[in-house]
Amino acid sequence: QVQLVESGGGLVQAGGSLRLSCAVSGSSRSIITMGWYRQAPGKQRDLVAIISSGGSTNYADSVKGRFTISRDNAKNTVSLQMSSLKPEDTAVYYCYARIVITSYWGQGTQVTVSS
């Protein structure tokens, strides 16, 4: 059974930094895409950043230049380094992985940025 376990959320002041990590277990197949989405209260879940197995990345415009996604294919982990955080970054952040044609999600980790 595939599991995604996130860590690293929390409370931080505006302008601060946080690092989110996610470990994927339970699959022997290649993880094609890994990434992060977020959902603020009352809003839809939106893409933050994704990274392919080859290292190609895509970021939401709102986080470009502030967030950096990386992955370790050998360990099946993906991380999101978040800097210059803003109150509008406050949301539940979900780890995402696509294995073959199936999408998997983590349970979510809360990130709160105070002004």
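The following paragraphs examine the structure supplied in this document.

Definitions and limits used
- Residues numbered from 1 in each chain as written.
- Predicted model: local features only at pLDDT ≥ 70, side-chain atom pairs only at ≥ 80, totals over all residues.
- Heavy atoms only, no water.
- Core = buried A, V, L, I, M, F, W, Y, C linked by side-chain atoms within 4.5 Å.
- Buried < 20%, exposed > 50% of the residue type's maximum accessible area, 1.4 Å probe, protein only.
- Helix = DSSP H or I, 4+ residues; strand = E, 2+ residues; numbered from the N terminus.
- Contact = heavy atoms within 4.5 Å.
- Phe/Tyr/Trp six-rings, centres within 6.5 Å; stacked < 30°, edge-to-face > 60°.
- Lys NZ or Arg CZ within 6 Å of the ring centre and 35° of its normal.
- Salt bridge = Lys/Arg side-chain N within 4 Å of Asp/Glu carboxyl O.
- Polar contact = N/O pair within 3.5 Å; in protein donor to acceptor, adjacent residues only side chain to side chain.

On to the nonpolar core, then. Of all hydrophobic cores here, the largest spans 30 residues; its most connected members are Val24, Trp36, Leu80, Met82 and Tyr93. Elements that contribute at least two residues to this core include exactly strand S3 (18-25), strand S4 (31-39), strand S5 (46-52), strand S7 (67-72), strand S8 (77-82), strand S9 (91-99) and strand S11 (109-114). Per-element accounting of this core gives the leading share, five residues, to S9. Once residues lying within four places of it in the same chain are set aside, the contact partners of leucine 80 are Leu18, Arg19, Leu20, Trp36, Val48, Ala49, Phe67, Thr68, Ile69 and Tyr93.

Using the criterion set out here, one finds three aromatic pairs in the structure. Where tyrosine 37 meets tryptophan 105, the ring centres are 5.0 Å apart and the plane angle is 70 degrees; that geometry is what we call edge-to-face. One end of the pair, tyrosine 37, is in strand S4; the other, tryptophan 105, is in strand S10 (residues 102-105), with 68 residues separating them in the sequence. Classification of tryptophan 105 as partly exposed rests on a relative accessible area of 37%. Three or more aromatic residues joined by ring pairs form one cluster here, namely Tyr37, Tyr96 and Trp105. Residue placement shows arginine 45 over the ring face of tyrosine 94; its charged tip is 3.6 Å from the ring centre.

Here the structure, examined in full by the defined rule, presents three salt bridges. The partner of arginine 38 in a salt bridge is aspartate 89, and the shortest N-O contact between them spans 3.0 Å. Within this pair, whereas arginine 38 is found in strand S4, its partner aspartate 89 is found in the loop between S8 and S9, the two being separated by 51 residues in sequence. Across the pair, exposure class does not vary: arginine 38 and aspartate 89 are buried alike. The residue lysine 64 makes a salt bridge to aspartate 61 at a minimum N-O spacing of 3.1 Å. The class for lysine 64 is partly exposed, based on a relative accessible area of 49%. The exposure class assigned to aspartate 61 is exposed, which follows from its relative accessible area of 65%. Residues joined by salt bridges that share partners form a network here, namely Arg38, Arg66 and Asp89.

You will see that asparagine 76, though not glycine, has its phi angle at about 55 degrees, which is positive. Secondary-structure assignment places asparagine 76 in the loop between S7 and S8. At serine 84, a residue that is not glycine, the phi angle is positive and equals roughly 50 degrees. For serine 84, the location among the structural elements is in the loop between S8 and S9.

The next thing to look at is the environment of serine 27. Here serine 27 is to be found in the loop between S3 and S4. Sequence separation of serine 27 and asparagine 76 is 49 residues, and the distance between their C-alpha atoms is 9.6 Å. Once residues lying within four places of it in the same chain are set aside, the contact partners of serine 27 are Val2, Asn76 and Ile99. Polar side-chain contacts of serine 27 include one of 3.1 Å to the backbone nitrogen of arginine 29.

Interpretation in functional terms is not warranted from these geometric data alone.
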